[in-house]
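For reference, the chains in residue letters:
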Amino acid sequence: MQHETDRMIIREFEMSDWTAVHRYGADLNIMKYAIYHANSETDTRNFVMRAMESAEEEPRTEFERAVVLRDSPDTLIGGCGFSLEDENDREWRIGYCFHSDFWGNGYGTEVCKSLLQFGFCDCGAHRVSAVCDIENIGSIRVLEKSGLVREGRFREKSWGLGEWHDELQYAMLDSQWHENQSSPS
Ligand SMILES: CC(C)(COP(=O)(O)OP(=O)(O)OC[C@H]1O[C@@H](n2cnc3c(N)ncnc32)[C@H](O)[C@@H]1OP(=O)(O)O)[C@@H](O)C(=O)NCCC(=O)NCCS
């Protein structure tokens, strides 16, 4: 199963993708705010394997997918995640990571918006949330440009790279999503 944005295809991972994933997963400059460490080859292979396994689960509660360019489908530029945080509350969580060669082109925002649409239209989400490091300016911009609302700050939420990190929580509600769809932009 895959879906498309204007410039990208979001598709299931295949095992052979791991080398392209590793090109960003092993780079600490890219991963420093996402997971606070660089992946080993084993980490990356396990990540891709786990993503492929989750695609087989029924009902599906995790969508960890590869992002490739429509104009160049062999170019895997990153990945995005959409997972069920709480079934009863219908809360889903967004994640994304792209190789730095592709940052600053609006790809992150385009994918984030498509995940919101997927969540509210296809998954019946009530809330779609995301957390990000308070210093992750790029991710903060992606979330705010996509219309998520900053709800709070978790102090010293994560330990990584020898220090504590504050995290911001963002979310959009289904009511806001539908309101945004019906109001002219
Ligand atoms: C966060 C990330 C997904 C953004 O992707 P992207 O494709 O560059 O996103 P966009 O181009 O849609 O938007 C990025 C915005 O952040 C801005 N930005 C990025 N770094 C910035 C910085 N250091 N200071 C100020 N603005 C910055 C860009 O200028 C752009 O804003 P603009 O459109 O107003 O100019 C990408 O940087 C990434 O993959 N990072 C590594 C993984 C990660 O941190 N994931 C998120 C975990 S919560």
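Shown above is the structure to which this text applies.
First, a word on what this report is: a plain description of the structure on this page.

**Here's the deal with the overall build of the protein**
A tally of helices and strands in the protein yields 6 helices and 8 strands. Along the protein, helices and strands appear, N-terminal first, in the series β-β-α-α-α-β-β-β-α-β-α-β-β-α. Over its C-alpha atoms the protein spans a radius of gyration of 16 Å, differing by no more than 12% from the 16 Å that the globule rule assigns to 185 residues. Its C-alpha atoms give the protein principal-axis dimensions of roughly 45 × 40 × 35 Å. In the protein, which comprises 185 residues, the proportion classed as buried is 29%.

**Quick look at the pairing of strand 6 (residues 127-133)**
Counting buried positions over the 7 residues of strand 6 gives 5, a clear majority of the element. The sheet contact formed by strand 5 (residues 91-98) and strand 6 spans 3 bridges and is parallel. Its bridge partner lying in strand 6, arginine 93 is registered against serine 129. Considered for its hand, the β-α-β crossover made up of strand 5, helix 4 (residues 107-122) and strand 6 is right-handed. One ladder, built from 7 bridges, connects strand 6 with strand 8 (residues 163-173); its direction is antiparallel. Its bridge partner lying in strand 8, aspartate 133 is registered against glutamate 167.

**Digging into the environment of alanine 38**
Summarising the element assignment, alanine 38 is placed in the loop between helix 2 (28-31) and helix 3 (41-54). Each C-alpha atom, one on alanine 38 and one on aspartate 86, is 28 Å from the other, the two residues being 48 residues apart in sequence.

**Considering the pairing of strand 5**
For strand 5, the buried fraction is high: 6 of the 8 residues fall into the buried class. Across 8 bridges, the pairing between strand 4 (residues 72-86) and strand 5 is antiparallel. Bridging across to strand 5, phenylalanine 82 finds its partner in isoleucine 94. Two successive antiparallel strands, strand 4 and strand 5, enclose a turn made up of 4 residues, where arginine 90 displays a positive phi of approximately 50 degrees.

**Some details on the site of the ligand**
Trp103, Gly108, Thr109, Gly138 and Arg141 are the nearest of the 21 residues found near the ligand. Every element with two or more residues in the shell around the ligand is listed here: strand 5, helix 4 and helix 5 (137-145). If you tally residues by element for the shell around the ligand, the top one is helix 5, at 5 residues.

**Digging into the environment of phenylalanine 63**
With respect to the helices and strands, the residue phenylalanine 63 is situated in strand 3 (residues 62-69). Residues phenylalanine 63 and tyrosine 33, 30 residues apart in the sequence, show an inter-C-alpha distance of 21 Å. For phenylalanine 63, the residues in contact, after removing those within four places along its chain, are Gly81, Phe82 and Ser83.

**Digging into unusual backbone geometry**
Cis geometry is adopted by the peptide bond preceding proline 59, which originates at glutamate 58 and carries an omega value of 0 degrees. Its identity as a non-glycine residue notwithstanding, glutamate 156 has a phi of 40 degrees, on the positive side. The topology assignment puts glutamate 156 in strand 7 (residues 149-160).

**Quick notes on the sheet that holds strand 7**
The sheet built from 8 strands is open, its strands ordered 1-2-3-4-5-6-8-7 with mixed pairing. Strands with a single pairing partner mark the edges of an open sheet, and in this sheet they are strand 1 (3-4) and strand 7. Pairing of strand 3 with strand 4 involves 8 bridges; the strand directions are antiparallel. Across the sheet, valine 67 pairs through a bridge with glycine 78, a residue of strand 4. Of the strands in this sheet, strand 1, strand 2 (8-12), strand 3, strand 4, strand 5, strand 6 and strand 8 touch helix 4, which is tilted by about 155 degrees from strand 5.

**Considerations on helix 3**
Spanning 14 residues, helix 3 covers 20 Å between terminal C-alpha atoms, matching the ideal 20 Å at 1.5 Å per step. If you check which residues of helix 3 are buried, you get Thr44, Val48 and Ala51. Buried residues along helix 3 cover an arc of 60 degrees about the axis, so they all sit on one side. Opposite the packed face of helix 3, turned more than 90 degrees from it, sit the exposed residues Thr42 and Glu53. Buried-residue contacts for helix 3 involve helix 1 (18-25) and strand 3.

Conventions we followed
- Residues numbered from 1 in each chain as written.
- Predicted model: local features only at pLDDT ≥ 70, side-chain atom pairs only at ≥ 80, totals over all residues.
- Helix = DSSP H or I, 4+ residues; strand = E, 2+ residues; numbered from the N terminus.
- Rg over C-alpha atoms; globule rule 2.2 N^0.38 Å.
- Buried ≥ 20, exposed ≤ 12 C-beta atoms within 10 Å, placed from the backbone.
- Pairing = 2+ DSSP bridges.
- Right-handed = clockwise from strand over helix to strand, strands pointing away.
- Near = placed C-beta within 6 Å.
- Contact = placed C-beta atoms within 7 Å.
- Axes fitted to C-alpha atoms, helices over the stretch in contact; angles between N-to-C directions.
- Expected span 1.5 Å × (residues − 1).
- Arc of directions from axis to C-beta.

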